[in-house]
Amino acid sequence: MSPLAIFFFFFFNLSFASNTIYNVQNYGAKSNGKTDSSKAFLSAWGSACASTSVSTIYVPRGIYLIRKAYFNGQTCKRNAISIRIDGTLLAPSDYNVIGNDGNWITFENVNRVSIYGGIFDGQGASLWTCKNSKKNCPEGTTALAFYNSNNIVMNGVTVQNSQMFHILLDGCNNTKLQGVKVLAPGNSPNTDGIHVQSSSGVSIMNSNIGTGDDCISIGPGNSNLWIEGIACGPGHGISIGSLGWESKEQGVQNVTVKTVTFTGTQNGVRVKTWARLSSGFVRHVLFQHIVMSNVQNPIIIDQNYCPNHESCPHQGSGVKISDVTYQDIHGTSATEVAVKLDCSKTNPCSGITLDNVNLSYKNGRAEASCVNAAGRASGFKELTSCL
Ligand SMILES: *[C@@H]1O[C@H](CO)[C@@H](O)[C@H](O)[C@H]1NC(C)=O
Ligand SMILES: *[C@@H]1O[C@H](CO)[C@@H](O)[C@H](O)[C@H]1NC(C)=O
Ligand SMILES: *[C@@H]1O[C@H](CO)[C@@H](O)[C@H](O)[C@H]1NC(C)=O
């Protein structure tokens, strides 16, 4: 054998020998955008799941109509499964087909599943129109949901135009989202980009998110969450909350949000709790190296959240907020009050730090407003006199 042949011999043996590839087209998937390929995808999953070796599900170029798909890992052989997508997965455009089903594509009880590339298109436009005209519409589905799963990777994946949330992580540990794109128009209702809850060790890196609701929303029961290198806008910003709806609720701790740009969003970094008797906490949070560009509420804690004054008789929120640091945050506010800390009257915020925060409004410095908040601020008198 020539040296080159020997190289290839070893290269192929090492990289591919034990990786079985399941092409969805071999299971009957059609790339014409019209034939429902749900069953074919599920059959390919069944094969990968039953395999004891490392396996790859491959989705070639083209458009695949998926009515609905539920990938359960309960009975899998616990091998790593990669899903490589060169094509687009398309949801039904008629919202009545799955609009009340909760999720479009679901993974549950899976371990070591990685998704590389591809476009997931929820085709939500007709449902948004229905909702925006205040007719009686279905709630809508989340495009891509993961429940009770570990070691998920999403790399270079685009999720767009979901009826409701785009990506949901619920009960997931050690999960990495990297180079993800989430795209929906600014006026599409409830289309949160990535919602994380009851999860630990999740990181969301180098991603681009623009939707009609929160770019990232962080629900109860999260810990060790790392968010870095995000471009957010349009949308409602990055939000911890809403929390404190339930009377007994798990808290949120150890959250880092760094190197983020907000462009034209409703909020920048927000912590939001219902004005209801409740329990729970938010602690050990760092917001660092953030640029605001024309953001309506760049820094906001709202513990008196009560939209339409319904279901909360303006009680003090029972969620305790402590040890929250805002560091190196600059840029422009679209409103005069750029820092608004409106904490609970029964559970005041403590340990709030504002360090090197410099936000401007029109041609001057923006204002700050603090209620029931304690901590320290360095820098400008607008801030130092606030806490
Ligand atoms: C994630 O970690 C938590 C805390 O260690 C644990 O209770 C939970 O079962 C884990 N979830 C999964 C899917 O393994
Ligand atoms: C906080 O979370 C990060 C990951 O986001 C982790 O590396 C670190 O160990 C956690 N710190 C504590 C005290 O748990
Ligand atoms: C605060 O921001 C304004 C406007 O960008 C800038 O002119 C000023 O130098 C900044 N001040 C500090 C101390 O960084």
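Residues numbered from 1 in each chain as written. Chains lettered and ligands numbered in written order. Predicted model: local features only at pLDDT ≥ 70, side-chain atom pairs only at ≥ 80, totals over all residues. Heavy atoms only, no water.

Here cysteine 312 is to be found in the loop between strand 25 (297-305) and strand 26 (320-333). The exposure class of cysteine 312 is buried, given its relative accessible area of 5%. For the pair cysteine 312 and cysteine 386, spaced 74 residues apart in the sequence, the C-alpha separation amounts to 27 Å. Apart from the residues within four sequence positions on either side, cysteine 312 is in contact with Trp274, Ala275, Arg276, Tyr305 and Cys306. (Helix = DSSP H or I, 4+ residues; strand = E, 2+ residues; numbered from the N terminus. Buried < 20%, exposed > 50% of the residue type's maximum accessible area, 1.4 Å probe, protein only. Contact = heavy atoms within 4.5 Å.)

Formed by 92 residues in total, the largest nonpolar core has its most connected members in Phe107 and Tyr326. Inspection of this core shows a minimum of three residues originating in each of domain 1 (21-167) and domain 2 (214-387). (Core = buried A, V, L, I, M, F, W, Y, C linked by side-chain atoms within 4.5 Å. Domains from an automatic or database assignment.)

Another aspect to go through is the domain arrangement of the protein. Splitting the protein by domain gives domain 1 (21-167) and domain 2 (214-387). A straight line from the C-alpha centre of domain 1 to that of domain 2 covers 33 Å.

So, on to the site of ligand 1. Around ligand 1, the structure places Asn148, Ser149, Asn150, Gly171 and Asn173. One of the side-chain N or O atoms of asparagine 150 is found 2.9 Å from an oxygen atom in ligand 1. In this structure, an oxygen atom belonging to ligand 1 sits 2.3 Å away from a side-chain N or O atom of asparagine 173. For ligand 1, whose unbound accessible area comes to 360 Å², protein coverage reaches 35%. (Near = heavy atom within 4 Å. Polar contact = N/O pair within 3.5 Å; in protein donor to acceptor, adjacent residues only side chain to side chain. Areas by Shrake-Rupley, 256 points an atom, 1.4 Å probe, with all protein chains shown as cover.)

We now examine the confidence of the model for the protein. In this model, the protein carries an average pLDDT of 94, and 96% of its residues clear a pLDDT of 70 or more. Residue range residues 6-17 is modelled with pLDDT below 50. Its contacts to residues more than four positions away, or to other chains, number four contacts. (pLDDT = per-residue confidence, 0-100.)

Attention shifts here to the layout of surface pockets. What the largest pocket holds in volume is close to 520 Å³. Surrounding the largest pocket, 23 residues form its lining, Glu139, Met164, Phe165, Asp192 and His195 being those nearest its centre. Elements supplying a minimum of two residues to the lining of the largest pocket: strand 14 (167-170), strand 17 (194-197), strand 21 (238-243) and strand 23 (267-274). Of the residues assigned to the lining of the largest pocket, the class counts are six nonpolar, ten polar and seven charged. When residues of the lining of the largest pocket are assigned to domains, at least three fall in each of domain 1 (21-167) and domain 2 (214-387). (1 Å grid on protein atoms, 1.4 Å probe; cavity = no way out; pocket = protein on both sides within 12 Å on 5 of 7 lines; lining within 4 Å. Points joined across faces, edges and corners; volume = space filled by probe spheres on them. Nonpolar A, V, L, I, M, F, W, Y, C, P; charged D, E, K, R; others polar.)

Let's shift gears to the UniProt feature "active site" (unreviewed entry) in the protein. Following the UniProt record, the feature "active site" (unreviewed entry) maps to His236 here. Looking at where histidine 236 falls in the secondary structure, it is placed in the loop between strand 20 (223-232) and strand 21. On the basis of relative accessibility, which here comes to 21%, the residue histidine 236 falls in the partly exposed class. If sequence neighbours within four positions are ignored, histidine 236 has contacts with Gly212, Asp213, Asp214, Gln266, Asn267 and Arg270. A distance of 3.3 Å separates a polar side-chain atom of histidine 236 from the backbone oxygen of glycine 212. (UniProt positions renumbered as here; feature names shortened; annotations may be inferred.)

Glancing now at the state of the cysteines. Following the criterion strictly, the structure yields six disulfides and no others. Through a disulfide, cysteine 49 is tied to cysteine 76; the S-S separation comes to 2.1 Å. On the sign convention where negative means left-handed, the S-S torsion of about -115° between cysteine 49 and cysteine 76 marks this disulfide as left-handed. Of this pair, cysteine 49 sits in helix 2 (residues 38-50) while cysteine 76 sits in the loop between strand 5 (69-72) and strand 6 (81-85), placing them 27 residues apart in sequence. Summarising the burial analysis for this pair, cysteine 49 and cysteine 76 share the class buried. (Disulfide = S-S within 2.5 Å.)

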